[in-house]
Each structure stands twice: as structure tokens, then as C-alpha cells.
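# Reading the structure
Here are the chains, one letter per residue:
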Amino acid sequence: MKKTVNIFPEQKIGTPNPKMWGVFYEEINHAGDGGLYAELIRNRNFADQEVAEGAFYSSGKIRTVKGFTDDFNSNHEPWTPLPGWSLKKTVGAMADMERIYDDPRNPECPVQLRMMFKGKVRLVNKGYWGISAKEGGYHGFVIAKSEDISTAKVGLMKKDGSVVASTLIEGLGAAYKKIDFAFTVTTPDMDTRFFIEVDGSGEIVFDFVSLMPDNAVCGVFRKDLFDMLDGMKPGFLRFPGGCVIEGITLENAIHWKKTVGNIEDRPGHWDLWGYRCTDGMGMLEFCMLGEALGADLMYVFNVGMSCQARNSEYVDGEELDWWIQNMLDGVEYICGDVSTPWGAKRAADGHPEPFNLKYLEIGNENWGEVYWKRFPIFRDLLREKYPDITLISDVRVPNETCDLVDDHYYTTPEIFPSMFDRYSGEGEKVYVGEYACNGNVGYGNLLSAISEATFMTHMENCCDRVRIASYAPLLCNENNRRWPVNLINFDRSGVFGLPSYYVQKLFATNAVEAVVKNDADVVKGSNSNLYITSGIAGDDLIIKIANFNPEAIATEFICDAIKEGDYELTVVSSENETDTNTVLYPRNVADSVDTEKAENGKIKVDISAMSFNVIKVKIK
Ligand code: AHR
């Protein structure tokens, strides 16, 4: 197939938000706990089996009084009172452990682990599907008490029990004490366990145990996963969800005030994707993440409504006032001056400078009259108090306006190409907050990536309407895939991006200042379609091309302004549309860069079958 495309750099058709392409973080698939949050101890406060807030537990399910039911444990592990923890005894030793509530150090965090022992015994933690001990330093702390011993050994061991690294903790006594420790791994092992070894006779009560790698970014984020996010150069960070901000009940929604302060004083909560989460990634950490990535912040808050697709609770009147105040306090925590109560709390937590809060989203996926009625209350209050923050409604509200409205699309491969005119023409301004091709594409492959690329070219062409967009979900621990297709996948030691990751990255790192006209119109049903957006960045012309066909298209781009000489061509493609990446082959389908020659105002290039391409060329 052959095609000619004329580009008209002097005819501007849109001015994109320079930070148009962002990321959307939600605790789903162990995105944070056992993922981006660098904590290595699973069930560090022993609360993993605590029932979901506002619900009850029976026969492996959580249930609400309204009749909603779901798996308590999405990973379907056999029930044990203390997930993650086990005992290893030496010959002749005796030991037992139990989950107790007898003597909480902090009533908000009521669970402890009591271990009774005689002889040499190890309390072992398997981490999140194992602990990959990489070369380097580790640090942590234990909060515990014992009248019977004053020292213990902590460290990492191989599965056969041989010690990889260890140190002593000293000073245990009758009252709870927080004892810091550190050790260094010199010989890496990809599948270790953490242990606390005691020798003697008696009992010890643990309140909290934490272990972090020293190389965690900002002391919080697993480095390889952070680097993947950083590689995308996201324009903004939407947090903390997703359905998780709504909860299955209002009690189960994310209550941000319980996610700040010392980690040992955060109770955590049952995450509606089927596991308990620590809230170690709390309000401050999300803001720090955005800051470290150079991304604008988007805080999505609860409007006094739980997830309507699940259990649908809501409050009104004075009870709604509580949620309004809770939201205002949260916003103040993020960007209030230190002279305000919550700004002062943020300063006390270590960040006096207000964060760059750019967007506020009023609810997540709420709809119907209940939402429509409360939406203007939140909007008007925020507009008055924070006129510079862009407000987002989570759905179109009849007879009301908002700065942006949030649209979500999860779909099959053929749909995005058919949406080539979804945002053409006039209309409300949009944030495409969640989108992915996630049906009939395995866990994500080249086909899904190119399908999304067609839609992204359309969004960029309609950038005066589609101001910002974020793919979803972002992260997935392969041991607990709750959502079929996720952008960045990992296990305890490795990480890979889907082919979609490279498409996302190329859009964000090839942002343009102006989108300019080209004549590559999409003809419905045609095989010769190339989905193209062209734009100017400084003295570069950037052309992004998605070819969603099983055939290559020999294409000639014509533009008088193109300078003679080299141009850069970056391609994401592969032999088969089902090709994808794995932890072992993370760049099987990735971006590869080539340099070619532009001549006489023309670029001739074979656009490979099923590919995404970025051409960057100097213009006069
Ligand atoms: O991205 C996964 C889920 O999809 C989000 O939690 C929710 O907003 C949407 O339904």
C-alpha cells in the first residue's frame, strides 16, 4: 500500500497542554504494597486479616448489610491468622505464635503477634511473594517487647535457612520499644526471607516490623519501578484512585488522615481489590512521588458516596458536611501554607513547601441524581477557595459545567480506531482519565498498544478539547493480577512495560507546542488508514503515526519546511500483533531509534504493519 501525506506547519489546529500525558496511580494488583512502595515485609502490622471497614466476613467473603459480597482475599490464599509470617525451629526447639489484641501500643493499630519460644527459633516473613535481596544496604525497625530476652538477630536468609545478611537488635524490654537496624547484602539472592531469630525461653510481642532497601527513591519508592515511571516523563499524577477512593462502604473509602504521620501509626485498610493495604503510600507519599517525577498533582476525593457499582452508600446533610470538610482539610494538607492547621501538619511530616496541586477531581465514577445534586456544592466551594486549581467532574452533569469532565474507556482492539472522530468539533473540555485496550489482548500486547496509539493521535489532534489523559491501570504485581491489562508489570525482582508503555512514553516525551494540519484523513473502514498527528516543538516537526493494519504502508510525508539532512525515526513494532514483553524479555517489543535522510522537503518511509512511529525532523 502507498500513501502521501502533506503537512502544513503554518496551519495550527490546536495548542496542547504541555503536560497532556499523565499517569493514574491506584492501589490495585499490589501496585503499591508489594510494588512501588518499597516496604519488603508483608503484613508488617499483623492486620492483614482484619475485616473490611463497614462490612463483615463470612466463609472467605466480605459482605455488607446491603447484600454486596466479594472475595476477601483476591489471591485466594488459604486462610491463616498471620499471613506472611511463619516459624522455623531448630532441632529440639519449640515455638508457637498467635494474633492478639491484648495490649495495643496504639488503639488505632490493635493487632500484635505474640511468639512463645524455647530454644533457637526464627520468626520468618516471606515478603510479597519472596524478597529479592539485591546488593546494597537495607534498614528497618522493629517495635516489640519482651520480659524474657533483650536481644535478637534480624536479617535475610535463603530458603534453605542460610543467612544472606544479618545484624543484632538490642535493648528489648518489658515496654514496647522501637529499635532500628541496618545490614548490607554483599551476595545477592533473588528469593530470600526476612527473619527475626531469638534464643532462650519465654515470649516476645511484636507490634510492627519494617524493612526497606536503602536505595528506595525518596526513602519510599522501589527504584526500578520509580525509574519506569520517570522514563515516561508523566505530566501529572492522578491519585489515589479509582474505586479505592470510594470504598465498598463509606467507612472503607480511603480516609486520608489515617494515611499520614508515622508509618507504624497508620492502621491501613482493606483495599477493595481484595487485600489489606498498609497506606504506607499515603497523602504525603503521593505528593512526594508527583514532585519527584516533576508531575503536576491531581487529587481525586470522595464526595460522600461509596462505589455505586458495588455497594452504593451515600450521605447527605450534616453528614455530607463532614466529607466536605474532610476534602478541604486534604487540599490544605497538600497545598496550604504552613500557617494553616493542615499545612502545618504537612510541615511537621517533613514537607513545609506546599505541593503543586493542579487538579482536583470531584468523586470517581459517581453518577446519577445523587451525584448531580452534590457536584455543584463541591465545585462552587472549591472554585471560590482555589480559583487556580482546575476542577474535574467525574461525569457530565446536566445543566452544570466544570473545567474538565472525566471520560473512561476500557475496550477491545477495533474500538479505538473507530473512535477517530470522538472528540472532533466543539464540546466540553475533557480529561480522558482512564483508557486502555484490555479485551482480547491477553495481558496486553502490540495489538493493544497500536489500538491505543490510534486513539492517542486523535486525542492529540483534538487537544483543545482533550486537555489531559492517563492510561489505566498503571502497575501490576504479576502474582496478583486483579485487572486484565496493566501498563507496568513486575515481580519481586524484575519489571517490564507493555508495548503500550513505549507508546505512552513516546507521546509524553515528544510533546509539541502546536498541533498542525495534515491531510491524512481517516476513512471509516479503510485499510490504508494511518492515524497521524503532526506538531511543532521548537524547530522540530514531530509526526506521530499509528498503523493499525496488518500490512506496511509506503508513505511519503511532504512539507516544504523540512530541512535537508537527518531525521529521527522511532518505531514500536514486532513480527506478530500478539507479541509482548515479559520480566525475562522486557524489551521484546519496545522503542527503537534510527536515523534516516530527508530530501527535497520529503520523508519517504515504510510504515511497518501494526506499528507506532515518531518522526522528528528539523524545519526551516
Ligand atoms: O482502573 C481500574 C478501575 O476502573 C478504577 O478503579 C475505576 O475508576 C474504573 O472502573
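In this text, all values refer to a predicted model and were calculated from it rather than measured experimentally.

## Section: the overall build of the protein chain
Helix and strand content of the protein chain: 8 helices and 34 strands. On C-alpha atoms alone, the protein chain measures out to a radius of gyration of 26 Å, which is about the 25 Å that the 2.2 N^0.38 rule sets for 620 residues. Here the C-alpha coordinates of the protein chain stretch approximately 85 × 60 × 45 Å along the principal axes. Residues counted as buried form 60% of the 620 residues belonging to the protein chain. Of the contacts formed within the protein chain by residues at least 6 apart in sequence, a portion of 75% connects residues at least 24 apart.

## Looking at the side chain of N549
Residue placement: N549 occurs in the loop between strand 29 (540–547) and strand 30 (553–558). Of the polar contacts made by the side chain of N549, one reaches the backbone oxygen of N529; its length is 3.2 Å. Sequence-distant contacts of N549, that is, excluding residues within four places in its chain, are made with N527, S528, N529, A609 and M610.

## Overview of the sheet that holds strand 24 (residues 475–477)
If you trace the 3 strands from one edge of the open sheet to the other, you get 24-25-26, paired in mixed fashion. A single partner strand is all that each edge strand has here, and the edge strands are strand 24 and strand 26 (495–497). Shown here is a sheet whose adjacent strand axes are inclined to one another by a mean of 20 degrees, direction ignored. Pairing of strand 24 with strand 25 (residues 488–490) involves 3 bridges; the strand directions are parallel. Within strand 25, the residue paired with L475 across the bridge is I488. Of the strands in this sheet, strand 25 and strand 26 touch helix 1 (residues 223–232), which is tilted by about 20 degrees from strand 26.

## Here we look at the packing of helix 3 (residues 317–335) against helix 4 (residues 341–348)
Two quantities define a packed helix pair, namely the angle between the axes and the distance from one axis to the other. Put simply, helix 3 and helix 4 touch, their axes get as near as 7 Å, and they point 50 degrees apart. Taken together, the axes of helix 3 and helix 4 are oblique relative to one another. Our pair here, helix 3 against helix 4, has a crossing hand that is right-handed. Contacts between helix 3 and helix 4 involve D329, E332, Y333, I334 and C335 from the first element and P341, W342, G343, K345 and R346 from the second.

## Points about helix 1
Taken as a whole, helix 1 has its buried residues at D224, L225, F226, M228, L229 and M232. The elements touched by buried residues of helix 1 are strand 2 (21–24), helix 2 (283–293), strand 25, strand 26 and helix 8 (499–509). Just past helix 1, the residue K233 takes up positive phi, approximately 45 degrees.

## As for the state of the cysteines
Considering all chains together, one arrives at 0 disulfides under this definition. Free cysteine: C287, not disulfide-bonded; nearest cysteine sulfur from C335 at 8.9 Å. C287 sits in the buried class, given a relative accessible area of 0%.

## Examining the pattern of salt bridges
On inspection of all chains with the given rule, the structure shows 43 salt bridges. A salt bridge links K618 to D540, with the nearest nitrogen and oxygen atoms 2.8 Å apart. Linking K618 in strand 34 (residues 611–619) with D540 in strand 29, this pair joins segments that are 78 residues apart in sequence. Judged by its relative accessible area of 12%, D540 falls in the buried class. Here the salt bridges share partners, and the residues they tie into one network are R396, D407, R422, E428 and R465.

## Notes on the nonpolar core
Nonpolar side chains in soluble globular proteins tend to be buried together. In terms of nonpolar packing, the biggest core is built from 120 residues, with I334, V432, Y435, M459, I488 and F612 touching the most fellow members. When residues of this core are assigned to their parent elements, the largest contribution, 9 residues, is made by helix 3. The contacts of Y435, once residues within four sequence positions are left out, are W21, Y409, F416, F455, M456, M459, A469, S470, Y471, A472 and Q504. In this structure, V111, F117, I169 and F181 belong to the second largest nonpolar core, which totals 38 residues.

## Overview of the site of the ligand
Lining the immediate surroundings of the ligand are F24, E26, G242, C243, W273, N364, E365, Y410, E434, P473 and W483. Contacts to the ligand include Y410, whose side-chain N or O atom sits 2.7 Å from an oxygen atom. Of the residues assigned to the shell around the ligand, the class counts are 6 nonpolar, 2 polar and 3 charged.

## Details of a nonpolar patch on the surface
A surface patch of nonpolar side chains, about 510 Å² in accessible area, is lined by V51, F56, Y57, V65 and W79. Relative to the helices and strands, V65 is located in the loop between strand 4 (61–63) and strand 5 (69–71). Residue class for V65 comes out exposed when judged on its relative accessible area of 78%.

## Description of the packing of helix 1 against helix 8
Helix 8 packs onto helix 1 with a crossing angle of 50 degrees between their chain directions and a minimal axis gap of 8 Å. Viewed along their axes, helix 1 and helix 8 adopt a mutual orientation that is oblique. The segment helix 1 lies against helix 8, with M228, G231 and M232 engaging Y501, Q504, K505, A508 and T509. Across the contact of helix 1 with helix 8, the residue classes break down as 4 nonpolar, 3 polar and 1 charged.

Scoring rules and cut-offs
- Residues numbered from 1 in each chain as written.
- Predicted model: local features only at pLDDT ≥ 70, side-chain atom pairs only at ≥ 80, totals over all residues.
- Heavy atoms only, no water.
- Helix = DSSP H or I, 4+ residues; strand = E, 2+ residues; numbered from the N terminus.
- Rg over C-alpha atoms; globule rule 2.2 N^0.38 Å.
- Buried < 20%, exposed > 50% of the residue type's maximum accessible area, 1.4 Å probe, protein only.
- Contact = heavy atoms within 4.5 Å.
- Polar contact = N/O pair within 3.5 Å; in protein donor to acceptor, adjacent residues only side chain to side chain.
- Pairing = 2+ DSSP bridges.
- Axes fitted to C-alpha atoms, helices over the stretch in contact; angles between N-to-C directions.
- Parallel < 35°, antiparallel > 145°, perpendicular 65-115°, else oblique.
- Left-handed = near helix turned anticlockwise from the far one by under 90°.
- Disulfide = S-S within 2.5 Å.
- Salt bridge = Lys/Arg side-chain N within 4 Å of Asp/Glu carboxyl O.
- Core = buried A, V, L, I, M, F, W, Y, C linked by side-chain atoms within 4.5 Å.
- Near = heavy atom within 4 Å.
- Nonpolar A, V, L, I, M, F, W, Y, C, P; charged D, E, K, R; others polar.
- Patch = residues over 30% accessible without salt bridge, like charges linked within 9 Å, V, L, I, M, F, W, Y side chains within 5 Å.
- Areas by Shrake-Rupley, 256 points an atom, 1.4 Å probe, with all protein chains shown as cover.

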